[in-house]
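Okay, here's what each chain looks like letter by letter:
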Amino acid sequence: MKINGIQRVDQPYKTTEVMKPQKVSKPSLQDSVEISREGLLLNQTTAGMPSERLAKVEELKQKINAGEYQIDPEKIAAKIASYYQK
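Engineer: What is the right way to look at the overall build of the protein chain in this model?
Structural biologist: Looking only at helices and strands, the protein chain has 3 helices and 0 strands in total. Residues classed as buried in the protein chain amount to 0% of the 86 residues present. Carbon and sulfur atoms form 55% of the exposed surface of the protein chain, whose accessible area is close to 9,900 Å².

Engineer: How should a nonpolar patch on the surface be read in this particular structure?
Structural biologist: Taken together, the side chains of Leu 60, Ile 64, Tyr 69, Ile 71, Ile 76, Ile 80, Tyr 83 and Tyr 84 present a nonpolar region at the surface, about 870 Å² in accessible area. At 4 residues, helix H3 (residues 73-84) tops the list of elements feeding residues into the nonpolar patch. The class of Leu 60 is partly exposed, set by a relative accessible area of 32%.

Engineer: Help me understand a positive patch on the surface, please; the structure alone is not making it clear to me.
Structural biologist: Residues Arg 53, Lys 56, Lys 75, Lys 79 and Lys 86 make up a contiguous surface patch of positive charge. Here Lys 79 is to be found in helix H3. When its relative accessible area of 58% is taken as the criterion, Lys 79 is described as exposed.

Engineer: When you look at the pattern of salt bridges in this model, what are you seeing that I'm missing?
Structural biologist: When the charged atoms of two side chains with opposite charge come close together, those side chains can pair. Inspection of the entire model under this criterion finds 1 salt bridge. A salt bridge links Lys 63 to Glu 59; its shortest N-O distance comes to 3.7 Å. Pair noted here: Lys 63 and Glu 59 are both in helix H2 (residues 51-66), with a separation of 4 residues, about one helical turn. For Glu 59, a relative accessible area of 42% gives the class partly exposed.

Engineer: Sorry if this is basic, but what is going on with the packing of aromatic side chains here?
Structural biologist: Aromatic ring pairs are defined here through the distance separating the ring centres and the angle between the ring planes. What the rule picks out here adds up to 1 aromatic pair. Centre to centre, the rings of Tyr 83 and Tyr 84 are 5.0 Å apart; their planes meet at 85 degrees, and the pair counts as edge-to-face. Classification of Tyr 83 as exposed rests on a relative accessible area of 54%.

Engineer: What exactly am I supposed to notice about H3 here?
Structural biologist: One turn of an α-helix holds 3.6 residues; hence residues three or four places apart share an orientation. Relative to the 16 Å expected for 12 residues at 1.5 Å per residue, H3 spans 17 Å between its end C-alpha atoms, a close match to the ideal helical length. Summarising burial for H3: 0 of the 12 residues are buried, a small minority.

The rules behind these values
Residues numbered from 1 in each chain as written. Predicted model: local features only at pLDDT ≥ 70, side-chain atom pairs only at ≥ 80, totals over all residues. Heavy atoms only, no water. Helix = DSSP H or I, 4+ residues; strand = E, 2+ residues; numbered from the N terminus. Buried < 20%, exposed > 50% of the residue type's maximum accessible area, 1.4 Å probe, protein only. Areas by Shrake-Rupley, 256 points an atom, 1.4 Å probe, with all protein chains shown as cover. Patch = residues over 30% accessible without salt bridge, like charges linked within 9 Å, V, L, I, M, F, W, Y side chains within 5 Å. Salt bridge = Lys/Arg side-chain N within 4 Å of Asp/Glu carboxyl O. Lys, Arg positive; Asp, Glu negative; His and termini not counted. Charge placed at Lys NZ, Arg CZ, Asp CG, Glu CD. Phe/Tyr/Trp six-rings, centres within 6.5 Å; stacked < 30°, edge-to-face > 60°. Expected span 1.5 Å × (residues − 1).

In structure tokens, the structure reads:
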């Protein structure tokens, strides 16, 4: 058996260099958004939509923003039930 040298047990605990505290950068105060490739593709597909569809989407957006859009829970439940009955 060959021994390549003797290492002291306390050697890892000895430090010769004092670690200086690192400066912490301040977090950015601005939000950022990254859009995936799939999101960009979806955005491109809306560019090819018929104008009637775009008008309906815009109308729905305005109703939602104004708080005037009403959801019919019975109609939603019927659609969900018909989907799972297929």
